[in-house]
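Observations on chain architecture
Listed below are the residues making up each chain.
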Amino acid sequence: MTRYVFKDASEAAMAVSERIVTLLGQRPHAVLGLATGATMEPVYAALVTAHRMGRVSFSRAASFNLDEYVGLPAQHPASYRSTMNRLLFDHIDIDPARTHVPNGLDSDPHRAAAAYEALIATSGPIDLQLLGIGRNGHIGFNEPGSSLNSRTRLVELHAETLQANRAFFADGAVPRQAITMGIAGILSARSIVVLATGTAKQAAIARSLAGHFDADCPASALSEHGDVSWYLDDNAASATRAA
Ligand code: F6R
């Protein structure tokens with residue numbers, strides 16, 4: 001495990017963006033595992049800038065997003081498909097057919113989850129999995145109690161996740177279910193990059209870095225992986241400074 005601490009959220013996001021630029025320079029056909037959430041927005045903005053400057057091409061890359069709400073039309077501004085299009089895919093040269101987000105509109109979400117898992121298995125492994133972390137320690141939408149063996153599946157979102165994500169919904173109506181990659185799927189990536197900024201993430205980070213799996217804090221599962229880099233800002237890192 002490597003931990004990098006930056007002065008602020010913007011520097012941490014820039015470093016994550018540079019990590020992706022470097023990967024694509026070395027491995028143009030990389031398979032990227034992507035996340036949504038407020039923390040990732042400056043990463044995608046920096047990648048769009050790097051692409052406009054001619055520093056990075058996504059033309060041979062593929063991507064798999066971690067999760068999607070169930071029941072939201074793809075065009076809904078808060079769906080993770082439309083969020084990714086708006087923040088990243090519409091502004092870079094990635095082939096839209098190689099950008100994957102779970103299908104939250106399938107009449108059978110269990111089938112959609114299994115199909116997503118199978119698609120990752122045939123296109124993967126994911127070279128670099130980008131992760132944010134929830135205040136309750138979730139990764140993807142693997143809420144506390146998720147198993148180390150979990151795979152892509154239908155999940156119920158916890159009350160604090162609904163509350164945290166309300167800001168993305170003009171009417172405050174956050175869907176209660178999502179399809180998420182599982183913890184085992186996340187751990188199948190070659191490399192994992194976690195970006196966490198702000199004081200609200202301190203406690204979850206401290207529990208995640210304790211060095212053993214604790215089902216109450218799903219991100220602690222990352223201690224089972226051999227190539228995880230934590231990119232933190234000062235505010236997020238302060239509870240773990242002595243670690
Ligand atoms: C989103 C996701 C979530 C977020 C987490 C942090 O695809 O998988 O695990 O990374 O909820 O969200 P923010 O960045 O909004 O605090």
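The rules we used
- Residues numbered from 1 in each chain as written.
- Predicted model: local features only at pLDDT ≥ 70, side-chain atom pairs only at ≥ 80, totals over all residues.
- Heavy atoms only, no water.
- Near = heavy atom within 4 Å.
- Polar contact = N/O pair within 3.5 Å; in protein donor to acceptor, adjacent residues only side chain to side chain.
- Areas by Shrake-Rupley, 256 points an atom, 1.4 Å probe, with all protein chains shown as cover.
- Nonpolar A, V, L, I, M, F, W, Y, C, P; charged D, E, K, R; others polar.
- Core = buried A, V, L, I, M, F, W, Y, C linked by side-chain atoms within 4.5 Å.
- Buried < 20%, exposed > 50% of the residue type's maximum accessible area, 1.4 Å probe, protein only.
- Helix = DSSP H or I, 4+ residues; strand = E, 2+ residues; numbered from the N terminus.
- Contact = heavy atoms within 4.5 Å.
- Salt bridge = Lys/Arg side-chain N within 4 Å of Asp/Glu carboxyl O.

Lining the immediate environment of the ligand, one finds 13 residues, of which T36, T39, D67, H138 and K201 sit closest. Within the side chain of D67, one N or O atom sits 2.7 Å away from an oxygen atom of the ligand. In the model, an oxygen atom of the ligand is placed 2.7 Å from a nitrogen or oxygen of the H138 side chain. Relative to its unbound accessible surface of 410 Å², the ligand loses 91% to contact with the protein. The residue inventory of the shell around the ligand, partitioned by class, reads 4 nonpolar, 7 polar and 2 charged.

Among the nonpolar cores identified, the biggest contains 57 residues, and V43, L130, L222 and W230 are the most heavily contacted of them. A total of 8 residues in this core trace back to one element, the largest contributor, which is helix α1 (residues 9–26). Leave out the neighbours within four places in its chain, and V43 touches A13, V16, S17, I20, L130 and L195. Residues F141, L162, F169 and A178 belong to the second largest nonpolar core, which totals 12 residues.

Moving on to the side chain of S146. Mapping S146 onto the fold places it in the loop between β6 (128–131) and β7 (153–156). Polar contacts involving the side chain of S146 include one to the main-chain carbonyl oxygen of E143, which spans 2.6 Å. Every residue in contact with S146, bar those within four places of it in the chain, is listed here: R153, I183, F213 and A215.

Time to look at the pattern of salt bridges. By the definition in use, this model includes 9 salt bridges. One salt bridge in this structure joins R27 and D127, with 2.9 Å as the shortest N-O distance. With R27 in the loop between α1 and β2 (31–34) and D127 in the loop between α4 (109–123) and β6, this residue pair connects regions lying 100 residues apart in the sequence. The salt bridge partner of R111 is D106, with a shortest N-O separation of 2.5 Å. Linked through salt bridges whose partners overlap, the residues forming this network are K7, D8 and E11.

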